[in-house]
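Residue strings, one per chain:
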Amino acid sequence: MIAAEAGDGPREAVESLFQRGMAARRERRPGEAIRHMEAAVALARRHDDPVALARALHGRANVERDRGRREVALRLYREAVPLCRRGDDPLVLAHTVRHLGDVLREMGDLEGAEPCYTEALALYRVHSSPPLLDVANAVRRMAILRETRDEREEARALWREARDLYREAGIEAGVSESSAHLEHLG
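All values reported here derive from a predicted model rather than from experimental measurement.

S.K.: Explain the confidence of the model for the chain here, please?
M.R.: In the predicted model, the chain carries a mean pLDDT of 93, and the fraction of residues at 70 or more is 96%. Contacts of residues 1-7 to residues separated by more than four positions or lying in other chains number 17 contacts, the stretch itself having pLDDT below 50.

S.K.: I keep staring at the nonpolar core and nothing clicks. Help me out?
M.R.: Here is a general trend for soluble globular proteins: nonpolar side chains tend to be buried in one another's company. Within the largest apolar cluster, 55 residues are counted, with the highest numbers of intra-cluster contacts made by V14, L57, L100, Y124, V139 and W159. A total of nine residues in this core trace back to one element, the largest contributor, which is helix α4 (residues 70-86). V139 has contacts with L121, R125, L158, E161, A162 and L165, leaving out every residue within four places of it along the chain. Grouped together as the second largest cluster of nonpolar side chains are seven residues, F18, A24, M37 and V63 included.

S.K.: What's the story with the side chain of E147 in this structure? I'm lost.
M.R.: Turning to its location among the elements, E147 is positioned in helix α7 (residues 132-148). Buried E147, no salt bridge; nearest opposite-charge side chain is R152, N-O distance 6.6 Å.

Cut-offs applied
- Residues numbered from 1 in each chain as written.
- Predicted model: local features only at pLDDT ≥ 70, side-chain atom pairs only at ≥ 80, totals over all residues.
- Heavy atoms only, no water.
- pLDDT = per-residue confidence, 0-100.
- Contact = heavy atoms within 4.5 Å.
- Core = buried A, V, L, I, M, F, W, Y, C linked by side-chain atoms within 4.5 Å.
- Buried < 20%, exposed > 50% of the residue type's maximum accessible area, 1.4 Å probe, protein only.
- Helix = DSSP H or I, 4+ residues; strand = E, 2+ residues; numbered from the N terminus.
- Lys, Arg positive; Asp, Glu negative; His and termini not counted.
- Salt bridge = Lys/Arg side-chain N within 4 Å of Asp/Glu carboxyl O.

Put into structure tokens, the structure is as follows:
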């Protein structure tokens, strides 16, 4: 197990492990990433900190998903969501619920994914200043779901919204992808 850094308390130590795990993930060092995330989860569990545990579970789920282990990621996201509900950050809940929806959609469970995307979008839409890229990504996921179901009008409206959000965020790849889907949908 990886030792946690000394800090002001367990939550700071969990966050340190989480950040090291995310850095290893970005640098494509999955073994190191999973070790940091597992240590963060274990530490948060020992200190009975639901907010820190939700963050650590989400991080570990992301790494498991990268590794193609969707069933493990699904279990971790499902454990994290109720913990996020106990916290006081609706954006963390929105982000976690959206990722749960992503795994469900990737596994072919469109019925399970839809309420996740609906909830994430609702949380983003009522927030006073949600991160633009997170909103764009959530809209994109719902557009993909609608397009997969051949709900063309709904998909078009969502792809237009995603395109506009990506444009505003300065993410050209998102603008291009949205435009391509709109062209395909006619």
